[in-house]
Amino acid sequence: MARIEQIFRNRFLQLLSRPKRLAAFEACLIGLVSGLAAVALGQSVGWLGGWRQQLTHLVPAYLALPMVGFVSGFLAGWLVEDVAPGSSGSGMAEVKAVLAKVPMPLDLRLALVKWVSATLVLAAGMPLGREGPTVQIGAALANQFSQWFPTSPDHRRQLIAAGAGAGLAAAFDAPIAGVLFVVEELLQDVSGITLGTAILASFVASAIARLSGSHSLDLDLRLTVAHASFSVPEVPFYLLLGILAGSLGVLFNRGVLTSLTFYRRFLPVALFWRVGLVGLVTGLALAALPSVFRDNAGIRQLLLSGDANWQLVAIVFCIKFGLIAFAGGSGAPGGLLIPSMTLGSALGYLVGSLEVHWLGLGLPTTYAHVGMAAFFCAVSRVPITAVVIVFEMTTDFNLVLPLMIGSVTAYLVAERLETGSLYDRLLEAKGIHLSESMRAQDPWTALTATQVMQPKVETLSSQMSVNEALQIFSHSSHRTFPVLEAGRLVGMLSQKDITNLPQRGMTDQISVATIMTPEPIRVAPADTLARVLHLLERHQLNHLPVADRGRLVGIITPSDIIRVQVAYLNGREDLLNPKVEHSHVIYQTRAPATGQGQLLVLLSNPKTAETLLKMAVAIAHDRHYELEVLHIIIVPRHQSLIEAPVRTTMGQRLLRSATCLGQAWQVPVHTQIRVAHDLSEAILQTLRTYHIDLVLMGWKGSTTTPGRIFSRVVDTVMQKAACKVMLVKLSAQPQFDRWLVPIGGGPNAESAIQLLSGLITLSPKPLVTICQVFESANPEPDQVALRQAAAALQQQLKTALVVIPIYGSSIPKAILGYAQQDHSDVIVLGASRESVLQQVAHGNTPAAISYHSNQTVILLRADQGWQ
């Protein structure tokens, strides 16, 4: 029997080892869990909502509804803010950002928090929908599944999109709409595996929802449109409905964004207070209105059954419009599509009532259904999905043509007034812009200027004479040269510029700066090849310099474009510039940018991460810096960064601890995980990208690499980083009570002293000793620098300070000896790039102290400017 089980298991694993079969299995599993999650959310909301309705029979509604709304909102906001901040809001915008390769949290914890918080919010009667939570929960479960079973980043995106589509399909009981939503809005990809996984996941999720008895929005729309009709004279009214839906849909989007701005500027309180306020206001509004307003499904049923009068419908539209916008901007965990469909049904009912009054041909309920699709389309800009989703809920073919007229008209009007969906606008409000370059899939268009350029460039100085430039032209095959001044690109000089010189006999008296083309067109290293081609074509250039913050790093010519194109056509990507390796961000969280500077701390070893984080947070708190926490995963060079399977469990654990520590110290903390082939290049790329002012790195205290001082990575960062570099070698049991600060009078020592005011807060009773080493043979040394440093330090610190001269023939030995005698815990050293990396042999550098000290050693290298 065991043998038979083994055979079947091996056979099953062999079947799953094939990519398409594995993708089908994964899609079915994702559809199953997404469908179950959607059903669980719907049933929990129904149960709690029923309890809330029963409570109004025991307690007056004007007390029960506001109280339940505030408590539920407060609990939901607290849960979101403290456990999973990424679960706030609708969730669709965040899923769209993740699929556009914007690093954002999307895991099992977020899914659980979203489910509980959305249950509290929706059951309290807040005017939001459950489709946003089901989409984000489905995407988060799919992403968690892809992390448990590592796969390539592209296939992970396909699975996340399938989970999102499954969540939408389960919420609306509309599997085709779930597939179209993935294709039309999320991935915009119709490849075989993408489409197949989306279809399977949506089908399974919808089947689970139907088997559980959870039908589209708790409505049986098939009964409400049994007599739907359409005639040609009604076309102008459907056009009018589309125009109104498009215009009011744009107004609705702006209302949500205005509400978001209001909370940020005029009500900057914690999320739980904002959501609690929404619950309180909603409860008060519902208590003052007829009981039909207390159930969102009941309002839609009233509109779609034809039992409402137009005055009541107008009231529904106005009140719901304001409440939805007020709730949508608060960050409450709930969707905005179902509320927009409620508004659309009310708008359609009003237009239908007008048509019935004038022509008497159609039914207001038919217009209500068309209004649902039209308003849905105006908000989310997905006309095909809007048509299909209402058709699937009604299964009435008579509605297809009116749905198409209303939805397409609404889409055209909305795009004319304001481009982009509500989710694009919400992401832009968070500083995330989903440009076409972020969504590009073609590897040719994804190339950057760094990969195309020639890094070795012949240049001219702006101060040299034209005669000297002519000599260089005569010995070179190039006909255009970049012109530099103090290492910065200031112009371009071509042979044509010299030919057009009016005074040819005075070339030895005229400088290159007078005849060059100043401020030339240039690109940044990260600019795409598409931009490079655009500039070359638009300005008719043959040479395009590549500059990083004004410093020339390379040049691009048409021959370079051809070389790279030939390499791609021949499948020889290895012919591209191999020297620059760009790291890839796979996880990222961003906090509000409220600091006055940026401090980057690198975390890799869990044993030292806590201490390094405490030091970084102490400095950031003292200097009002934002903290950028970075964890880098190294991928072998033979593997693609995009396709290599990686595990981020440890990195996310480290980053979460950093976030918690930052919250305790009230320091903004940004986190990110990068995959890279080269650790040092990934660090330098991060420094340039985020304009870091100080980078904090740990060091184990020794190196086995020949020719290196600290290590290959540390030496490279020390040499090339433009910002301050703080290198920390921790002792076996780090303590921060007794500090020893040797000074030498240079700017690096001064920079080290400036950081002490933050670092000493790590101890309740710190003792700082400032010293300077003098030659033993000098009985009366000049202690001016020592006294000045002590005076400056005394002004900054509010702690005990000891000033002492130290005598010895060797600076490292003298400092190490005194540290041992004084039982110092920490030695703080300042160092320049040259002293660290060029003068080790002399035995008087901070590197020697770092190697032989048993104490914690902090080595600070001042900012040097990019080299």
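Small disclaimer: the values here were computed from a predicted structure and weren't measured.

Colleague: Tell me what's going on with the overall build of the protein chain, and back it up with residues and numbers.
Modeller: A count of helical and extended segments in the protein chain gives 36 helices and 17 strands. Looking at the protein chain as a whole, 54% of its 867 residues qualify as buried. Of the contacts made within the protein chain by residues no fewer than 6 positions apart, 78% connect residues no fewer than 24 positions apart. For the protein chain, the computed accessible surface area is about 37,900 Å², with 59% contributed by carbon and sulfur atoms.

Colleague: Let's hear about the nonpolar core: which residues, and what values?
Modeller: If you look at soluble globular proteins, the nonpolar side chains tend to sit buried side by side. Counting 99 residues, the largest nonpolar core has Phe172, Phe252, Phe375, Val390 and Leu426 as the members making the most contacts within it. It is helix α16 (residues 364-380) that provides the largest number of residues to this core, a total of eleven residues. Setting aside anything within four residues of it in sequence, one finds phenylalanine 375 in contact with Ala245, Leu248, Gly249, Phe252, Phe317, Phe321, Ser340, Leu343, Gly344 and Leu347. If you look at the next biggest cluster of nonpolar residues, it comprises 51 residues, including Leu613, Ala620, Ala658 and Ile770.

Colleague: Help me get a handle on the packing of aromatic side chains, residues and values and all.
Modeller: Geometry of an aromatic ring pair is reported as the spacing of the ring centres plus the angle between the planes. Summed over the entire model, instances satisfying the criterion amount to 16 aromatic pairs. On the basis of an interplanar angle of 55° and a centroid distance of 5.7 Å, the ring pair of phenylalanine 272 and tryptophan 273 is categorised as tilted. We classify phenylalanine 272 as buried; its relative accessible area is 17%. What links up through ring pairs into an aromatic cluster is the set Phe70, Phe74, Phe272 and Trp273.

Colleague: Summarise unusual backbone geometry; cite the residues concerned and give the values.
Modeller: You will see that arginine 381, though not glycine, has its phi angle at about 60°, which is positive. Take arginine 381: it is sitting in the loop between α16 and α17 (383-394). Arginine 381 sits in the buried class, given a relative accessible area of 8%. In this model, histidine 823 sits at a positive phi of 55°, which is unusual for a non-glycine residue. Among the secondary structure elements, histidine 823 is positioned in the loop between α34 (811-822) and β16 (826-831). With relative accessibility at 60%, the residue histidine 823 sits in the exposed group.

Colleague: So, the packing of helix α12 (residues 271-287) against helix α14 (residues 310-328): which residues are in play, and what are the values?
Modeller: Interaxial distance between α12 and α14 falls to 10 Å at its minimum, and their mutual angle equals 165°. As far as their axial angle goes, α14 and α12 are roughly antiparallel. Relative to α14, α12 is oriented so that their crossing is left-handed. For the pair α12 and α14, the contacting residues are Leu277, Val278, Val281, Thr282 and Ala285 in the first and Leu323, Phe326 and Ala327 in the second. Looking at the contact of α12 with α14 residue by residue, the classes come out as seven nonpolar, one polar and no charged.

Colleague: Now, about a nonpolar patch on the surface: what can you tell me, with residues and values included?
Modeller: On the surface, Leu240, Leu244, Leu354, Trp358, Leu359 and Leu361 cluster together into a nonpolar patch covering about 520 Å² of accessible area. Residue assignment for the nonpolar patch shows that the elements contributing at least two residues are α11 (235-266) and α15 (337-358).

Colleague: Kindly report on α16, identifying the contributing residues and their values.
Modeller: For α16, spanning 17 residues, the distance from its first C-alpha to its last is 24 Å, which sits close to the expected 24 Å at 1.5 Å a residue. The buried fraction of α16 amounts to 17 of the 17 residues, a majority that puts the element mostly inside the structure. A positive phi of about 60° marks arginine 381, the residue just after α16.

Colleague: Hey, could you go over the pairing of strand β13 (residues 738-742) for me, with residue numbers and the actual values?
Modeller: The buried count for β13 comes to four of five residues, which makes it a mostly enclosed element. Bridge count for β13 against strand β14 (residues 767-774) is five bridges, and the pairing is parallel. Each bridged residue has a counterpart across the sheet, and for arginine 738 the counterpart in β14 is leucine 767.

Colleague: Break down the pattern of salt bridges for me, with residues and values.
Modeller: Proximity of charged atoms lets side chains of opposite charge pair with each other. The full count for this structure, using the stated rule, is nine salt bridges. A salt bridge links aspartate 548 to arginine 688, with the nearest nitrogen and oxygen atoms 3.2 Å apart. Of the two residues, aspartate 548 is situated in strand β5 (residues 544-548) and arginine 688 in helix α29 (residues 679-690); the sequence distance between them amounts to 140 residues. By relative accessible area, arginine 688 is classed as partly exposed at 27%.

Colleague: Mind laying out the confidence of the model for the protein chain, listing which residues take part and the relevant values?
Modeller: Per-chain confidence: the protein chain averages 79 in pLDDT, with 82% of residues scoring 70 or above. The weakest mean pLDDT in the protein chain belongs to helix α35 (residues 833-838) at 38; the strongest belongs to strand β8 (residues 598-602) at 93. Low pLDDT (under 50) marks residues 6-19, which in the prediction has five contacts with non-local residues, meaning those over four places away or in another chain. Here residues 832-844 is a poorly scored stretch, pLDDT under 50, and it has 30 contacts once near neighbours within four places are set aside; other chains count.

Colleague: Let's hear about helix α5 (residues 108-123): which residues, and what values?
Modeller: A rise of 1.5 Å per residue sets the reference length of α5, with its 16 residues, at 22 Å; its end C-alpha atoms lie 22 Å apart and thus fit the reference within 8%. Directly after α5, the chain includes glycine 125, whose backbone phi takes a positive value near 90°.

Colleague: Describe in detail the environment of leucine 36, supporting the description with residues and values.
Modeller: Note that leucine 36 resides in helix α2 (residues 19-58). Along the primary structure leucine 36 and serine 212 are separated by 176 residues, whereas in three dimensions their C-alpha atoms are 9.0 Å apart.

Colleague: Any details on the packing of α11 against α14? Residues and values, ideally.
Modeller: α14 packs onto α11 with a crossing angle of 45° between their chain directions and a minimal axis gap of 7 Å. When the axis of α11 is compared with that of α14, the two are oblique. At the point where α11 passes α14, the crossing takes the right-handed sense. Side by side, α11 and α14 meet where Leu248, Leu251, Phe252, Gly255, Val256, Ser259 and Tyr263 of the first sit next to Phe317, Phe321, Ile324, Ala325, Phe326 and Gly328 of the second.

Colleague: Now, about the environment of phenylalanine 375: what can you tell me, with residues and values included?
Modeller: Within the secondary structure, phenylalanine 375 sits in helix α16. Looking at phenylalanine 375, the relative accessible area reads 0%, which means it is buried. Separated by 32 residues in sequence, phenylalanine 375 and leucine 343 have C-alpha atoms that sit 7.3 Å apart.

Colleague: Describe the environment of glutamine 820, naming the residues involved and giving the relevant values.
Modeller: Tracing the backbone through its elements, the reader meets glutamine 820 in helix α34. Each C-alpha atom, one on glutamine 820 and one on serine 853, is 8.7 Å from the other, the two residues being 33 residues apart in sequence. Filtering out sequence-adjacent residues up to four positions away, glutamine 820 remains in contact with Asn854 and Gln855.

Here is what the cut-offs are and how they apply
Residues numbered from 1 in each chain as written. Predicted model: local features only at pLDDT ≥ 70, side-chain atom pairs only at ≥ 80, totals over all residues. Heavy atoms only, no water. Helix = DSSP H or I, 4+ residues; strand = E, 2+ residues; numbered from the N terminus. Buried < 20%, exposed > 50% of the residue type's maximum accessible area, 1.4 Å probe, protein only. Contact = heavy atoms within 4.5 Å. Areas by Shrake-Rupley, 256 points an atom, 1.4 Å probe, with all protein chains shown as cover. Core = buried A, V, L, I, M, F, W, Y, C linked by side-chain atoms within 4.5 Å. Phe/Tyr/Trp six-rings, centres within 6.5 Å; stacked < 30°, edge-to-face > 60°. Axes fitted to C-alpha atoms, helices over the stretch in contact; angles between N-to-C directions. Parallel < 35°, antiparallel > 145°, perpendicular 65-115°, else oblique. Left-handed = near helix turned anticlockwise from the far one by under 90°. Nonpolar A, V, L, I, M, F, W, Y, C, P; charged D, E, K, R; others polar. Patch = residues over 30% accessible without salt bridge, like charges linked within 9 Å, V, L, I, M, F, W, Y side chains within 5 Å. Salt bridge = Lys/Arg side-chain N within 4 Å of Asp/Glu carboxyl O. Expected span 1.5 Å × (residues − 1). Pairing = 2+ DSSP bridges. pLDDT = per-residue confidence, 0-100.

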